[in-house]
Amino acid sequence: MTQSDMDFEIFCAGPPGLEAELAGEVAACGFASPQSVPGGVVFRGGWPDVWRANLSLRGASRILARIDSFRVVHLAQLDKRSRKVDWASVLRADQPVRVEASCRGSKIYHAGAAAQRVETAIREGLGAPIQEDALVTVRVRIDNNVCTISLDTSGELLHRRGFKAEVNKAPMRENLAALFLRACGYDGQESVFDPMCGSGTFVIEAAEMAAGLLPGRERHFAFEHLRTFDATQWAGMKAAMPVRLPDPVFWGQDRDAGAIRMSEANAERAGLAACTHFQTGDARALVRPDLEPGLVIINPPYGARIGNRKALMGLYNALGVGLKKSFSGWRVGLVTSDAALARATRLPFLPPGRPVDHGGLKIRLYRTNALS
């Protein structure tokens, strides 16, 4: 079997609670038969699929290539079995490697000892050096006595697109923003307005989706240091997607002029200055932008995170009043950790989404249909 013919399980890790939205994106990108599992989505494919997943999936946090799996009940067995893994087919002898292990519900319970066995197998069998700061990570998961060997093909987490150099307090990760946009039914074909835009994440993510810009287009990945990497094929993959810069129907607003400057700088770095618009304004006194009705998406402060909860009740109430008064025909998506704050808007929310971890808090997406 050649490297191009290899077929294995690919795991797209994502925010727990948003697996269904990530599976929808994986399917929309044309990957074969994706299945939601706790903490992400799995599908089968080869190395070009791994590269394309890293390049194109907005909602994933990292892509793991699961290269082997076997049952183990003691360390000697792990030592013997890990030496049989075909490391030379995927790793380079001149490229440092680090090994991370986790154990759960298994007779092998010492993660450090498990990692050492696999490190020894790689060092002695392949000759690759083991380094703590290596760009290539082998992940060993022993779960209910089954050991899964994976390669972290992403390296740095995928929400780090390379454009948002400036952030304000409590920024939302880009992959979370992308999945919340998808959960709101956004498909790149409508206006988006964020009246509390912070560093512009929702607005920039929506504009990128509309433009067909690939989220990984300007960054590097760990898979570039694997034996399986084909630089020519990778360059062709990055050049293949057409870009269509849309009209400037992606608006952000914030009362903080510094946040607006951040948003504009981040949009400029992403190549989206021409199709985004940012302005100062107070969400307590909403003014409808001169756009066709679309989606209002908001990530306001939460009581446990920024600001005084009592004062926030007034803010959320004012948001609701402004939206009901001036945004007829628009849908609303609001992210908060506090159901009482969401209720303070008095908006006709649908049942909320599942809780999602965000900086140690459990947040939910509250959505409406088009406001009347």
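Read on for an overview of the structure.

**Some points on the overall build of the protein**
If you tally the helices and strands in the protein, you get ten helices and 14 strands. Taking 21 Å as the expected radius of gyration for a compact globule of 372 residues, we find that the protein reaches 23 Å, a close match to that expectation. Over its C-alpha atoms, taken along the principal directions, the protein stretches across nearly 70 × 45 × 35 Å. The buried share of the protein, reckoned over its 372 residues, is 53%. Considering only contacts within the protein whose residues lie at least 6 apart along the sequence, 78% involve residues at least 24 apart. Surface exposure of the protein reaches about 16300 Å², of which carbon and sulfur atoms provide 50%. Taken together, the 46 basic and 39 acidic charged side chains of the protein have centroids lying 7 Å from each other.

**What about unusual backbone geometry?**
Within the chain, S33 stands out as a residue other than glycine whose phi angle is a positive 45 degrees. Positionally, S33 belongs in the loop between α1 (19-28) and β2 (35-37).

**Description of the pattern of salt bridges**
Summed over the entire model, instances satisfying the criterion amount to 18 salt bridges. Across the salt bridge formed by R44 and D7, the nearest N and O atoms sit 2.7 Å from each other. Within this pair, whereas R44 is found in strand β3 (residues 40-45), its partner D7 is found in the segment before β1 (8-13), the two being separated by 37 residues in sequence. Classification of R44 as partly exposed rests on a relative accessible area of 47%. R83 is paired through a salt bridge with E124; the nearest N and O atoms lie 3.0 Å apart. Taken as a pair, R83 in the loop between α3 (75-82) and β5 (97-104) and E124 in helix α4 (residues 111-125) lie far apart in primary sequence, 41 residues in all. On the basis of relative accessibility, which here comes to 38%, the residue R83 falls in the partly exposed class. In this structure E124 comes out as exposed when scored by relative accessible area, which is 53%. Members of the salt-bridge network, linked through shared partners, are R58, R161, E205, E208 and R217.

**Things to note about the sheet that holds strand β4 (residues 62-71)**
Strand pairing in a sheet relies on backbone hydrogen bonds, with the paired strands running either antiparallel or parallel. Strand order across the open sheet formed by seven strands is β2-β3-β1-β4-β7-β6-β5, with mixed pairing between neighbours. At either margin of the open sheet sits one strand with a lone partner, and together these are β2 and β5. Within this sheet the neighbouring strands show an average axis-to-axis angle of 30 degrees, counted without direction. Judged from the three bridges that link them, β2 and β3 form a sheet pairing that is antiparallel. From the neighbouring strand, S36 faces β3, where its bridge partner is V41. Where α3 meets the sheet, it contacts β4, β6 (136-143) and β7 (146-152), and its direction lies at approximately 115 degrees from that of β4. Against the sheet, α4 touches β5 and β6, its axis set at about 145 degrees to β5.

**Brief notes about the packing of helix α5 (residues 174-183) against helix α6 (residues 201-211)**
As a packed pair, α5 and α6 sit with axes 9 Å apart at the nearest point and diverge in direction by 65 degrees. One way to sum up the angle between α5 and α6 is to call them roughly perpendicular. For the crossing formed where α5 meets α6, the hand is right-handed. Residues E174, A177, A178, F180 and L181 of α5 lie in contact with α6, whose contacting residues are T201, F202, E205, A206 and M209. In terms of residue class, the contact of α5 with α6 is built from seven nonpolar, one polar and two charged.

**Notes on the sheet that holds strand β12 (residues 331-336)**
Strand order in the open sheet made by the seven strands is β10-β9-β8-β11-β12-β14-β13, with mixed pairing throughout. A strand with exactly one partner marks an edge of an open sheet, and here the two such strands are β10 (276-280) and β13 (356-358). Between one strand axis and the next, the sheet turns by 25 degrees as a mean value, whatever way the strands run. The pairing of β12 with strand β14 (residues 361-367) spans four bridges and is antiparallel. Following the sheet pairing, V335 is matched in β14 by L365. Taken strand by strand, α5 contacts β11 (295-298), β12, β13 and β14, and its axis lies near 30 degrees from that of β14. α6 rests against β8 (192-194), β9 (250-254), β10, β11 and β12 of the sheet, and its axis sits at about 175 degrees to β9.

**Some details on the pairing of β14**
It is a general feature of regular strands that their side chains alternate between the two faces of the sheet. Taken together, the three bridges between β13 and β14 define a ladder with antiparallel strand orientation. Residue D357 lies in a different strand from β14, and its bridge partner there is K362.

**A few points about the side chain of S82**
Here S82 shows up in helix α3. Looking at S82, its side chain comes within polar contact range of the main-chain oxygen of L78, at 2.8 Å. When near neighbours in sequence (up to four residues on either side) are disregarded, S82 contacts F70, W87, R117, V118 and A121.

So, how was this worked out
- Residues numbered from 1 in each chain as written.
- Predicted model: local features only at pLDDT ≥ 70, side-chain atom pairs only at ≥ 80, totals over all residues.
- Heavy atoms only, no water.
- Helix = DSSP H or I, 4+ residues; strand = E, 2+ residues; numbered from the N terminus.
- Rg over C-alpha atoms; globule rule 2.2 N^0.38 Å.
- Buried < 20%, exposed > 50% of the residue type's maximum accessible area, 1.4 Å probe, protein only.
- Contact = heavy atoms within 4.5 Å.
- Areas by Shrake-Rupley, 256 points an atom, 1.4 Å probe, with all protein chains shown as cover.
- Lys, Arg positive; Asp, Glu negative; His and termini not counted.
- Charge placed at Lys NZ, Arg CZ, Asp CG, Glu CD.
- Salt bridge = Lys/Arg side-chain N within 4 Å of Asp/Glu carboxyl O.
- Pairing = 2+ DSSP bridges.
- Axes fitted to C-alpha atoms, helices over the stretch in contact; angles between N-to-C directions.
- Parallel < 35°, antiparallel > 145°, perpendicular 65-115°, else oblique.
- Left-handed = near helix turned anticlockwise from the far one by under 90°.
- Nonpolar A, V, L, I, M, F, W, Y, C, P; charged D, E, K, R; others polar.
- Polar contact = N/O pair within 3.5 Å; in protein donor to acceptor, adjacent residues only side chain to side chain.

Distances and angles like these do not, on their own, reveal function.
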